[in-house]
Amino acid sequence: MTEKYQSREERRKQQSKPKKKGRKKGTGTFKRIFLILIALGIAGMLIGAGAFAFMVKDAPKLDEKLLKDPISSQIYDMEGEFITDVGSENRDYVAYEDIPKLVEDAFLATEDVRFYKHNGMDLIRLGGAVIANVTRGFGSEGASTITQQVVKNSFLNNEKTLSRKAQEAWLAFQLERKYTKQEIFEMYVNKIYMSEGHGVLTASKIFFDKELDELELHEAALLAGMPQSPNNYNPFDHPDKAEKRRNIVLSLMNQHGFITKEQMEAAQKVPVESTLVAEEKRETNESKYDSFIDVVLDEVEKKYPDLNPYSDGLKIYTTLDPDAQKHVEDILNTDAAVAYPDDEFQAGITLLDTKTGEIRAIGGGRNQEVKRGFNYAVDQKRHAGSTFKPIVDYGPAIEYLKWGTYHTIVDEPHTYSGGTKINNWDGKHMGPMSMREALARSRNIPALKTLQEVGTDKALEFTNKLGIPMEEMYESYSIGAYEVSSLQVAGAYSAFGNNGFYTEPHAIKQIEMRDGTKLDLKPESEVVMKDYTAFMISDMLKSVVKSSYGTGRQADVQGLPVAGKTGTTNYTDEQEQEWGIPGGAVPDAWFAGYTTNYTAAVWTGYQDRKNYIPAGDEQKIAQRLFSSLMAHVSEGKETEDFKVPNSVEEVAIEKGSNPAKRASQYTPKDQIIYEYAVKGNAPTQVSEKFDKLDSPSGLSANFDQETNEITLSWEYPEDAKGTQFEVTVSVNEGGDQQLSVTSEKGLKIANPQPGAVYTFKVTAFNGDQQSDPASVKVEIPDPSVIEEDETEGDGQDGTGGEEQEGQEGQNGEDGQDGNQDGDGSGNGEGEGEGEGSGDGTGNGEGAGNGEGNGEGSGDGDTGTGEGNGTGTGDTGDTGGTGGTGSGTPGSSGSGNESGT
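Each chain has its residues counted from 1, running along the sequence as written. Residue-level local features of this predicted model are given only where pLDDT is at least 70; pairs of side-chain atoms are given and counted only at 80 or more, and the full residue set underlies all totals for whole chains, interfaces and linings. Excluded from the side-chain calculations are hydrogens and water; all other atoms, namely the structure's heavy atoms, are used.

- The name that an unreviewed UniProt entry assigns to the protein is Penicillin-binding protein 1A, with the source organism given as Cytobacillus firmus.

Printed below as a string of structure tokens:
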């Protein structure tokens, strides 16, 4: 029994030993892991501390002056010359004890509700921001306290980097140790940028014309909401956005217990604009080059929203050409270039460098008085009219369909795809015309036809590449029913002038921050079209200003290779009736154009579309503004013409050919136009319109005395189907007269004029083709004329080189009366002496003017013949020969006679 017990005990001990060993092993592993974690934590803290120390080692020192005052930014022109400061002016300071609790509560609820509880860093808010940054990416949400914002606005740039955040936290901690909460809050409300100036007191006076202690709840809430995005929440410019932001602030004030729900709801119902300073009493503009500076500041906000040019002490290097900017302001605000109809007439101008896309000048409007007011060059978007045709219609047609500038489009009654009728500006149709002429004449129907053939998808792709963002393309855009700014139009046109390279229009080249960091803001150029598209559009747009039929001739600058396009918009029938708009009046008139150096887009009109530009000269103001500006900036500067790229060939096209055909060697010079085609896509068919047919052969003319007629005959190939022959005659080398057009190969002419020389010409023609004429002469005998040896000179009427027309009557012979009358004309002069005898009478009628002298004597019956001088007309019949008698003075001349 004992042995068994002991063995059981031993067995229990043996079984328990491994268990004890197992617990000790587990405990040892846990201890090791714990120690490793502690070591890693310590190492991490040391590394973090070291990294933190490294990141903050270059942090700037606290500077009381910088804490008190915002740092203005300096703006420089294209040559690096200083222009102006922004941010150093327009600032009213308020001490903490003068800040009403209502205003303080509004800012605390919005920006940092635990401001009086933390030591510069709000760990609770930081935790939420960390989670957001992990889930949505670093920099997606900030956790800056009011203390941190004071530090950032005073010493640091706005980059969202770990280094900058570390420096911000370190300086915030130091700031909290050196200054009281009240002092820090005072720094904050005086430093913040409020769109029109710095500080809450400045903003209160600008927007409400009130001291802080006069503000109502809804006004204090509006001001508290502005620092997050000062320009977007500016109530003057964006009252809707400002009201939404104000209502959020009121909600936060209620949420954190600063106001009751009833107070919140009552304040939210107050319209923002109800207590703003009236527009006519707002601060006037005193800034130099304000319209351009406006674009600069907007560009900073758009591309670097964390930078504040009003307080960050930036050096901003711009693209401004001060001379061009001054000229733009002069032509807008004086009558130096045009006589404006009234003070309300407005204009917006953008001038770019064609090659770089740099903005050289901005004309923001006429007679502007409000600082950073509405900018008609950038802020306003109006229907583009026909300035859109190169962008939406003809550019895509060349790019994707490889149309040549000669491509024929028929201007005829037409509709949109949905069946709605489209009209030209003049209500007329001009039939077939080249793409060049359709663009230069600004015909709407060819433009729509072009877009329909290209397709809206391709047109949309092309247009978006030119910096005009569209989500969808409609057929109405073919004639400019889309709203754009002059800045956008200028940017698109510059790509045509720059061989197909588009560079986003920009006003800033570089920004240098206080720590020396430089930001390059120049955008990259992109190839957006083929060089053949850019060149052919440019060459066609030259016709708009240079050709006799172009609509933009007043935009031309003599001696300068200028390309451009006019554009006008229209009212609907309903608007014309409702607003009393007269016929021909328009709401908008544009001109956009360029050289190889500069591109400009000009809009003109009125802010209210109900105010119209009447038909006539006022619709040309945009053209004249463009011409004045382009002439000024181009003076003394070499301007190259648009170069023909290797992808383009010039072709001689025969006018009126449809489809276009090459001119042949027979095409008359005045029927040839020289156009451009994409290489390999030029017309191959040569026109035959003016080709020569074979001339008739074997042409003969024979006079049959018995029948008293001329028989004319010729030969021509039997297979020449459809060929006809024109027969003309010239009598005694007079002018050609058409006798007949026949398909036969012969013709008979009855009763020819005795003594006359007939010259016949026979020309073959078939359709538009014709031959050279075949020619033959025949002389008709005159038996009534008896030659006298003693007669000298031309003693008969109608001789002496006259031109004879028609067929003359034949005189009677040997005393017989000749009773045949005829009409004719001729010229002749002569002198002579002679004797004559015989009896006879003759009747002739003629008229002519001439000179002649003669003497004669003889016996017998008198023969008569009368005529007066030189003149035009066929020879009158001479009297029959009489018996011997005294001859009358010979005379030279011609007469008109009636007869067959």
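Here the narrative resumes, following the displayed structure.
### Topic: the overall build of the protein
And then number 1: In this text, helices come from DSSP runs of H or I with a minimum length of four residues, and strands from runs of E with a minimum of two, each type numbered from the N-terminal end. For the protein, the count of helices and strands is 21 helices and 33 strands.
And then number 2: Categorising residues by exposure relies on relative accessible area from a 1.4 Å probe, with only protein chains included: less than 20% of the type maximum marks a residue as buried, more than 50% marks it as exposed, and the intermediate range marks it as partly exposed. The buried share among the 900 residues of the protein stands at 48%.
And then number 3: Nonlocal contacts in the protein, meaning residues at least 24 apart in sequence, comprise 70% of its contacts between residues at least 6 apart.
And then number 4: Here the accessible surface of atoms and residues is derived via Shrake-Rupley with a 1.4 Å probe, and residues count as covered only by protein chains that are part of the display. Summed over all atoms, the accessible surface of the protein reaches about 43800 Å², with 46% contributed by carbon and sulfur. Residue contacts are defined here by distance: any two heavy atoms, one from each residue, within 4.5 Å place the two residues in contact.

### Overview of the nonpolar core
And then number 1: Phe388, Ile391, Tyr394, Leu466 and Ile511 are the most contacted members of the largest nonpolar core, which has 82 residues in total.
And then number 2: A total of eight residues in this core trace back to one element, the largest contributor, which is helix H19 (residues 531-546).
And then number 3: Setting aside anything within four residues of it in sequence, one finds Phe388 in contact with Asp393, Ile468, Met470, Tyr477, Gly480, Tyr482 and Val484.
And then number 4: To qualify as a nonpolar core, a set must consist of buried Ala, Val, Leu, Ile, Met, Phe, Trp, Tyr and Cys residues joined through side-chain atoms within 4.5 Å. With 49 residues, the next largest nonpolar core counts Ile99, Val151, Leu175 and Leu222 among its residues.

### As for the sheet that holds strand E1 (residues 73-76)
And then number 1: In space, the five strands of this open sheet follow the order E2-E1-E3-E13-E14, with mixed pairing throughout. At either margin of the open sheet sits one strand with a lone partner, and together these are strand E2 (82-86) and strand E14 (518-520). The mean inter-strand angle of the sheet, taken between neighbouring strand axes irrespective of direction, is 20°.
And then number 2: Two strands pair when backbone bridges link them, and strand E13 (residues 508-512) and E14 are joined in this way by three bridges, in the antiparallel orientation. For Glu512, the partnering residue across the bridge sits in E14 and is Lys518. Two strands are said to pair when DSSP picks up at least two bridges between them. Note on method: axes are straight lines fitted to C-alpha atoms, helices fitted across the in-contact stretch only, with angles between N-to-C directions ranging 0 to 180 degrees.

### As for unusual backbone geometry
And then number 1: The peptide bond linking Asn658 to Pro659 adopts the cis configuration, its omega dihedral lying at 0°.
And then number 2: You can see Pro659 is positioned in the loop between strand E19 (648-654) and strand E20 (672-678).

### Here's the deal with helix H8 (residues 200-208)
And then number 1: Buried residues dominate H8, accounting for eight of its nine residues.
And then number 2: Among the residues of H8, those classed as buried are Val200, Leu201, Thr202, Ala203, Ser204, Ile206, Phe207 and Phe208.
And then number 3: The elements touched by buried residues of H8 are helix H3 (101-111), helix H7 (181-191) and helix H9 (217-225).
And then number 4: With its phi angle positive at about 55°, Asp209 sits one or two positions after the end of H8.

### Section: the sheet that holds strand E16 (residues 563-568)
And then number 1: Here we have five strands laid out as an open sheet, ordered E5-E4-E18-E17-E16, and antiparallel in their pairing. Edge positions in the open sheet fall to strand E5 (359-363) and E16, since each of these has one partner strand only. The mean angle between the axes of side-by-side strands here comes to 5°, regardless of whether they run parallel or antiparallel.
And then number 2: Two strands pair when backbone bridges link them, and E16 and strand E17 (residues 588-594) are joined in this way by six bridges, in the antiparallel orientation. Across the sheet, the residue bridging to Ala563 is Tyr594, located in E17.
And then number 3: Across the sheet, H19 is in contact with E16 and E17; its angle to E16 comes to roughly 65°.
And then number 4: The strands that helix H21 (residues 621-634) touches are strand E4 (346-353), E16, E17 and strand E18 (598-605); relative to E18, the one it contacts most, it runs at about 150°.

### Observations concerning a negative patch on the surface
And then number 1: The patches reported here contain residues having more than 30% relative accessible area and no salt bridge. Joining distances are 9 Å for like charges and 5 Å for nonpolar side chains (Val, Leu, Ile, Met, Phe, Trp, Tyr). Whenever Lys or Arg places a side-chain nitrogen within 4 Å of a carboxyl oxygen from Asp or Glu, that contact is recorded as a salt bridge. The charged-residue count follows a simple rule in which Lys and Arg add positive charge and Asp and Glu add negative charge, with His and chain termini not counted at all. Charge positions are represented by NZ for Lys, CZ for Arg, CG for Asp and CD for Glu. Taken together, the side chains of Glu97, Asp98, Asp209, Asp213 and Glu214 present a region of like negative charge at the surface.
And then number 2: Assignment of secondary structure puts Glu214 in the loop between H8 and H9.

### Notes on the environment of Ile409
And then number 1: By the secondary structure assignment, Ile409 is in strand E7 (residues 408-411).
And then number 2: Sequence-wise, Ile409 and Ser434 are 25 residues apart; in three dimensions their C-alpha atoms are separated by 6.1 Å.
And then number 3: Ignoring sequence-local partners within four residues, the contact set of Ile409 consists of Tyr394, Trp403, Gly431, Pro432, Met433, Met435, Pro446, Lys449 and Thr450.

### Thoughts on the side chain of Arg360
And then number 1: Relative to the elements of secondary structure, Arg360 occurs in strand E5.
And then number 2: Judged by its relative accessible area of 6%, Arg360 is buried.
And then number 3: For this analysis, a polar contact is any N or O atom pair within 3.5 Å, provided that within protein one partner can donate a hydrogen and the other can accept it, and provided that sequence-adjacent residues contribute only side-chain to side-chain pairs. A polar contact is formed between the side chain of Arg360 and the backbone oxygen of Thr319, at a distance of 2.8 Å.
And then number 4: Of note is the side chain of Arg360, whose polar atom sits 3.3 Å from the side chain of Asp353.

### Points about the packing of H3 against helix H10 (residues 239-255)
And then number 1: Taken N-terminus to C-terminus, the directions of H3 and H10 make an angle of 95°; their axes are 9 Å apart at the nearest point. In terms of their interaxial angle, H3 and H10 are classed as roughly perpendicular. Contacts between H3 and H10 pair Leu102, Asp105, Ala106, Ala109 and Thr110 from the former with Arg245, Val249, Leu252 and Met253 from the latter.
And then number 2: In terms of residue class, the contact of H3 with H10 is made up of six nonpolar, one polar and two charged. Oblique is the label for any angle not covered by the other classes, which are roughly parallel (under 35 degrees), roughly antiparallel (over 145) and roughly perpendicular (65 to 115). When residues are sorted by character, Ala, Val, Leu, Ile, Met, Phe, Trp, Tyr, Cys and Pro go into the nonpolar class, Asp, Glu, Lys and Arg into the charged class, and all the rest, Gly among them, into the polar class.

### Here's the deal with the pattern of salt bridges
And then number 1: In the structure shown here, the tally under the stated rule is 28 salt bridges.
And then number 2: For Asp641, the salt bridge identified is with Lys542, shortest N-O distance 3.1 Å. Taken together, the positions of Asp641 in the loop between H21 and E19 and Lys542 in helix H19 put the pair 99 residues apart, joining distant regions of the chain.
And then number 3: Judged by relative accessible area, Asp641 falls into the partly exposed class, the value being 38%.
And then number 4: Among the residues examined, Lys542 registers a relative accessible area of 17% and is labelled buried.
And then number 5: The partner of Lys546 in a salt bridge is Asp556, with the nearest N and O atoms 2.7 Å apart. A residue pair is termed long-range when its members are at least 10 positions apart, and Lys546 in helix H19 and Asp556 in the loop between H19 and E16 qualify at ten residues.
And then number 6: Bridged by salt links that share partners, the residues Asp92, Lys205 and Glu211 form one connected network.

### Focus on the packing of H9 against H10
And then number 1: H10 packs onto H9 with a crossing angle of 105° between their chain directions and a minimal axis gap of 8 Å. It follows that H9 is roughly perpendicular to H10 by the angle criterion. In this structure, H9 uses Leu217, His218, Ala221, Leu222, Ala224 and Gly225 to contact H10, whose residues at the interface are Ala242, Arg245, Arg246, Val249, Leu250 and Met253.
And then number 2: A per-class count over the contact of H9 with H10 returns eight nonpolar, two polar and two charged.

### Describing the confidence of the model for the protein
And then number 1: Confidence of the prediction at every residue is given by pLDDT, a number between 0 and 100. Scored by pLDDT, the protein has a mean of 82; 75% of the residues are at 70 or more.
And then number 2: Considering only residues more than four positions removed or in separate chains, one finds that residues 1-9, a stretch of pLDDT under 50, has one contact.
And then number 3: Here residues 788-900 is modelled with pLDDT under 50, and outside its nearest four sequence neighbours on either side it reaches 271 contacts, counting other chains as well.

### Comments concerning the packing of aromatic side chains
And then number 1: Here is the rule: rings of Phe, Tyr and Trp (six-membered ring for Trp) pair when centre to centre is within 6.5 Å. Planes less than 30 degrees apart are stacked, more than 60 are edge-to-face, and the remainder are tilted. Under the counting rule described, the total for this entry stands at 26 aromatic pairs.
And then number 2: Aromatic pair Tyr76 and Phe82: ring centres 5.9 Å apart, planes at 75°, arrangement edge-to-face.
And then number 3: For Tyr76, a relative accessible area of 11% corresponds to the buried category.
And then number 4: With a centroid separation of 6.4 Å and 45° between ring planes, the pair formed by Phe185 and Tyr188 is classed as tilted. Here Phe185 and its partner Tyr188 are both found in helix H7, three residues apart, which amounts to about one turn of the helix. In terms of burial, Phe185 and Tyr188 fall into one category: buried.
And then number 5: What links up through ring pairs into an aromatic cluster is the set Tyr96, Phe107, Phe115, Tyr116, Phe185 and Tyr188.
And then number 6: A ring is scored as having a charge over it whenever the NZ atom of a lysine or the CZ atom of an arginine sits within 6 Å of its centre and within 35 degrees of its normal. If you follow Lys181 out to its NZ or CZ, it ends over the ring of Phe115, 4.4 Å from the centre.
And then number 7: The side chain of Lys458 reaches across the aromatic face of Tyr400, ending 4.9 Å from its centre.

### A word on the side chain of Gln619
And then number 1: Structurally, Gln619 is set in the loop between E18 and H21.
And then number 2: Take Gln619: its relative accessible area is 17%, and that puts it in the buried class.
And then number 3: Here Gly584 takes part through its backbone oxygen, which lies 2.9 Å from a polar atom of the side chain of Gln619.
And then number 4: A polar atom in the side chain of Gln619 sits 3.1 Å from the backbone oxygen of Pro614.

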